[in-house]
Structure formats: structure tokens, C-alpha cells
Amino acid sequence: MKPKQTYILGIESSCDDTSAAVINNGVVLSNVVATQSIHKEYGGVVPELASRAHQQNIVPVVQLALRKANIDKKQLNAIAFTRGPGLMGSLLVGTSFSKSLAMGLGIPLIDVNHMQAHILAHFIKSEEHTTPKFPFLALTISGGHTQIVKVTNYFEMELIGQTIDDAVGEAFDKSAKLMGLPYPGGPLIDKYAQTGNPNAFQFPKPKVGPMDFSFSGLKTAVMYFVERNSKDHPNFVTENLEDICASLQFTIVDYLMDKLKNAVKQTGIKEVAIGGGVSANSGIRNALRTAENKLGWKVHIPKFEYCTDNAAMIAIVGELKFKESIFTENNVVANARMKF
Ligand code: KG4
Ligand code: ZN
């Protein structure tokens, strides 16, 4: 007998990407992401502009996702949306749209925690990545998040480490800005680091709890480093760009790995899954592969389009909740500080 077909529409609007996706039995049929380029000029996300852009993008993005999935909205079984955490104005657009659509179609509404979705993105079916086994540790690293989570089951997650200030992606982007690189600077630091000497310069590794992170001190250290060296040598940064990027990346990756190793030691769990935009970084990927070979870890890295903010990860959580009949009321409200 053919398995019952369920079509879940996922909607993501927590930050600066408007995204809609359709999933069917773990397989992504479409995953449309409209990235807002307007923020580039400002060197970071401007919340007011983000919500306006979501307002403009949401209808065409949903229509395109349905078209690409080759289904009609009447075939949808449920609507899953990001309730939080994120920027309130941005969340309100996706939340209000989802409530209205679910009401109009007379189908269930499913609220999704964005951070849980980054983790459960690993359960999207794809030949390009492996699926972690429970229990596992999830490291979510992006422009908005830096967390280590112990995952016992789909909906049983415990936050065991997090940043006390900036996210790691911000540390990359803000350091890049101080070096005169455009936003987002993370991928550029990674690119220049390839040909630089990681031991050329020293940067501090802030001391916090064994599984927590702090990145604001690093940003200040980079600022003083650039100021100090550029005083008598105005071309210092451009002439040493590769070495500075390599040293900075080495410090950040080493810091992330220190914390992850502490988490593995404390929990005894060697199954490690990473997600978030920074998981594209070649330094962290290499360090994780080394840990697999030398420390016996099993590492999972999802396909890149499911690492960054996307609605396919919201849709997979929607599907998992749909199977358990975990729905939400239509009077649900967005929650900018939503916890696990
Ligand atoms: O997940 P994401 O697309 O959006 C959120 O912030 O939620 O992550 C974007 C972040 C940016 O800070 C960007 O600089 C960083 O991921 N990033 C990288 C690399 N690719 C993206 N950072 C370091 N190395 C990379 N290769
Ligand atoms: Zn995210």
C-alpha cells in the first residue's frame, strides 16, 4: 500500500530571510528563500527594514514554493511557522500570514521553535548528509546563534552551552568590518584564511563557563589590534590580510572545538551534529573531521541550504509534530524570546 501523502507548508521569517517550503514524508519538494540584500548597505540586519521586506516577499515566496512543489494549496495538510526566537517585527509577518492561511484553508496550525528547527533539519531526507542517532550533541553556529544542545529525542532538548554576548557569525562579520571587508564578512575571512599563517598573530580566547561562549572581547581585541598596527603602517591590514584572517579563524575554531570537547567529555556523547551558516566554514569542518578520525566522534553536517535560515527545517518539524498531532491554537502569538 502506498504511504499516505502529507504535504506540510513551512514558513520562516525570524530574521532577514523570507522562506517557504513544502515537505512530503521527509522529502523537501521546494525550499524558496528570498534573502534581503537591503541590509548589505548597513553592514548588518536592520529590524525595521527586515519586517517591511518580509511583508513584500511573503506572498510571492509562498506561491513559488507551492508552484515548485507542484501542488495546490488545497492539498496542504498543515501550516508550520516560526513562532520564535527572532526579531519581533519579522516574526509577526510570518505568524499572522500562517494563521490566516490555516484559517482560510481550515487546516491545523503548527508552531515551531527556530532553534529546534536548526537541529531537526538533520532529519530532512537527503543523500548528501547523514542523520544523527539519539542522543546527540548539536552545535548551532550562525549570525544569530551559538549554542550547544543535548538532544535526547525529537522534542527533548537541553541547552547546555550558549554565548553570553555576540554570536560567532557576528564575531566573524564584525571583525571583517573592522578590516574593511563587506558584509557578511565570514565567508571572506574563510577565503583569505586559506593562504595565511594561522600562527602569525595571537588573539584572546575569552574565559567563561566550560560550555559557554563569549565573542564581544574578541571583536574589541581585533579593533585595538587594527588601530595599533595601522598607526605607523596604514597598509598593515591589506598587506597582512591572509595572515590576520588565518589567525583569527584559527582562534575562533579552536575556541568552538574546546567547548565542544568539554561537552563531549561532560555528556559522554560522541555523536555531534552541526548547523547554522558558520558551519560552512572550512576551518570548523576540518577540525570536526580531525575529531572524527582522532577522537572517534561521528559528525553530521547537513546540506548547506538546510544550515542557513530556511523554511525546509520549519516544515520538517511541522511534519514531525503533525504525525504526533501536536497542533497550536489559532490565537497563538509570536515570541521573540522563545525558549526550548
Ligand atoms: O545561518 P545564517 O545564514 O543566518 C543567521 O545568522 O541566522 O548565518 C549567517 C552567518 C553570517 O554571520 C556569515 O558571516 C556566516 O554565517 N558565515 C560564515 C561562513 N559562511 C557563512 N562564517 C565563517 N565562514 C564561512 N565560510
Ligand atoms: Zn537561524
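### Overview of the packing of helix α4 (residues 168–178) against helix α8 (residues 241–267)
A pair of packed helices is characterised by two quantities: the angle between their axes and the separation of those axes.
So, point 1. At a minimum axis distance of 12 Å, the contact between α4 and α8 shows a crossing angle of 170°. Comparing the axis directions of α4 and α8 gives the class roughly antiparallel. Contact with α4, carried on its side by Val 168, Phe 172 and Ser 175, involves Leu 248, Gln 249, Ile 252 and Leu 256 of α8 and no other residues of that element.
So, point 2. Looking at the contact of α4 with α8 residue by residue, the classes come out as five nonpolar, two polar and no charged.

### Points about the coordination of the zinc ion (ligand 2)
So, point 1. The protein atoms donating to the zinc ion (ligand 2) are His 114 (NE2), His 118 (NE2), His 145 (NE2) and Asp 309 (OD), with metal-donor distances spanning 2.1 to 2.3 Å.
So, point 2. Around the zinc ion (ligand 2) sit four donor atoms; with metal-centred angles ranging over 92 to 160°, the donor geometry is irregular.
So, point 3. All donor residues of the zinc ion (ligand 2) come from one chain, and their arrangement in sequence is H-x3-H-x26-H-x163-D. On the criterion of sequence distance, the pair formed by His 118 in helix α3 (residues 114–120) and Asp 309 in the loop between α10 (304–307) and α11 (312–323) is long-range, its members being 191 residues apart. Per residue, the accessibility class of His 118 equals that of Asp 309, and both read buried.

### With respect to unusual backbone geometry
So, point 1. The linkage connecting Gly 84 with the following residue, Pro 85, adopts the cis geometry, with an omega of -10°.
So, point 2. Within the fold, Pro 85 resides in the loop between β4 (78–84) and α2 (88–105).
So, point 3. The omega torsion across Phe 134 and Pro 135 is -10°, close enough to zero to call that bond cis.
So, point 4. Its place among the elements puts Pro 135 in the loop between α3 and β6 (136–141).
So, point 5. A positive phi angle is found at Asn 70, which is not glycine, with a value near 60°.
So, point 6. If you trace the backbone, Asn 70 turns up in the loop between α1 (47–69) and β4.
So, point 7. With a relative accessible area of 68%, Asn 70 lands in the exposed category.

### Describing the domain arrangement of the protein
So, point 1. The assigned domain composition of the protein is domain 1 (7–122 + 307–323) and domain 2 (131–301).
So, point 2. Inter-centroid distance (C-alpha atoms) of domain 1 to domain 2 is 27 Å.
So, point 3. Contact with domain 1, which involves 19 residues of that partner, is made by 23 residues of domain 2.
So, point 4. For the pair domain 1 and domain 2, the summed buried area comes to about 1,600 Å², and 73% of that belongs to carbon and sulfur atoms.
So, point 5. Summed over the shared surface of domain 1 and domain 2, the number is zero salt bridges.
So, point 6. Our enumeration of links across domain 1 and domain 2 arrives at four residue pairs in polar contact (both at pLDDT 80 or more).
So, point 7. Where the side of domain 1 that touches domain 2 is concerned, the elements lending two or more residues are α3 and α11.
So, point 8. Ranked by residue count, the leading element in the side of domain 1 that touches domain 2 is α3, at six residues.
So, point 9. Along the lines of polarity and charge, the residues of the side of domain 1 that touches domain 2 split into eight nonpolar, eight polar and three charged.

### Description of the nonpolar core
Side chains that are nonpolar tend, in soluble globular proteins, to be buried together.
So, point 1. Residues Met 179, Phe 215, Met 257 and Trp 297 are the most contacted members of the largest nonpolar core, which totals 48 residues.
So, point 2. Only β6, α4, α5 (186–193), α6 (216–230), α7 (236–239), α8, β9 (271–275) and α9 (282–295) provide two or more residues apiece to this core.
So, point 3. At 13 residues, α8 tops the list of elements feeding residues into this core.
So, point 4. Those residues within four positions of Met 179 in sequence are excluded, and the remaining contacts are Ile 189, Val 226, Val 237, Leu 241, Ile 244, Cys 245 and Leu 248.

### Quick word on the sheet that holds β9
So, point 1. Spatially, β8-β7-β6-β9-β10 is the arrangement adopted by the five strands of the open sheet, whose pairing is mixed. Taken across any chain shown, the strands that pair with only one partner, and hence form the sheet edges, are β8 (156–162) and β10 (298–300). Strand-to-strand twist of the sheet, defined as the mean angle between neighbouring strand axes without regard to direction, takes the value 25°.
So, point 2. Relative to β10, β9 is paired through three bridges, and the arrangement is parallel. Opposite Val 272, over in β10, you have Val 299 as the bridge partner.
So, point 3. Against the sheet, α9 engages β6, β9 and β10, with an angle of about 150° to β10.

### Examining the environment of Gly 26
So, point 1. Among the secondary structure elements, Gly 26 is positioned in the loop between β2 (17–24) and β3 (27–35).
So, point 2. We classify Gly 26 as buried; its relative accessible area is 4%.
So, point 3. Sequence spacing of Gly 26 and Leu 87 is 61 residues, and the spatial spacing of their C-alpha atoms is 28 Å.
So, point 4. Aside from chain neighbours lying at most four places away, what touches Gly 26 is Ile 124, Lys 125, Ile 316 and Glu 319.

### Observations regarding α9
So, point 1. With 14 residues, α9 extends 19 Å from end C-alpha to end C-alpha; this agrees with the ideal 20 Å at 1.5 Å per step.
So, point 2. The set of residues buried in α9 consists of Gly 283, Ile 284, Ala 287, Leu 288, Ala 291 and Glu 292.
So, point 3. Contacts from the buried residues of α9 go to β6, α5, α8, β9 and β10.
So, point 4. The backbone nitrogen of Gly 283 lies 2.9 Å from a side-chain oxygen of the residue at the head of α9, namely Asn 281.
So, point 5. Immediately downstream of α9, the backbone of Gly 296 shows phi near 75°, a positive value.

Conventions and cut-offs
- Residues numbered from 1 in each chain as written.
- Chains lettered and ligands numbered in written order.
- Predicted model: local features only at pLDDT ≥ 70, side-chain atom pairs only at ≥ 80, totals over all residues.
- Heavy atoms only, no water.
- Axes fitted to C-alpha atoms, helices over the stretch in contact; angles between N-to-C directions.
- Helix = DSSP H or I, 4+ residues; strand = E, 2+ residues; numbered from the N terminus.
- Parallel < 35°, antiparallel > 145°, perpendicular 65-115°, else oblique.
- Contact = heavy atoms within 4.5 Å.
- Nonpolar A, V, L, I, M, F, W, Y, C, P; charged D, E, K, R; others polar.
- Donors = N, O, S within 2.8 Å, 3.2 Å for Na, K, Ca; no water.
- Tetrahedral: all angles 85-135°; square planar, octahedral: opposite > 155°, others 65-115°.
- Buried < 20%, exposed > 50% of the residue type's maximum accessible area, 1.4 Å probe, protein only.
- Domains from an automatic or database assignment.
- Buried area = accessible area lost by both parts, 1.4 Å probe.
- Salt bridge = Lys/Arg side-chain N within 4 Å of Asp/Glu carboxyl O.
- Polar contact = N/O pair within 3.5 Å; in protein donor to acceptor, adjacent residues only side chain to side chain.
- Core = buried A, V, L, I, M, F, W, Y, C linked by side-chain atoms within 4.5 Å.
- Pairing = 2+ DSSP bridges.
- Expected span 1.5 Å × (residues − 1).

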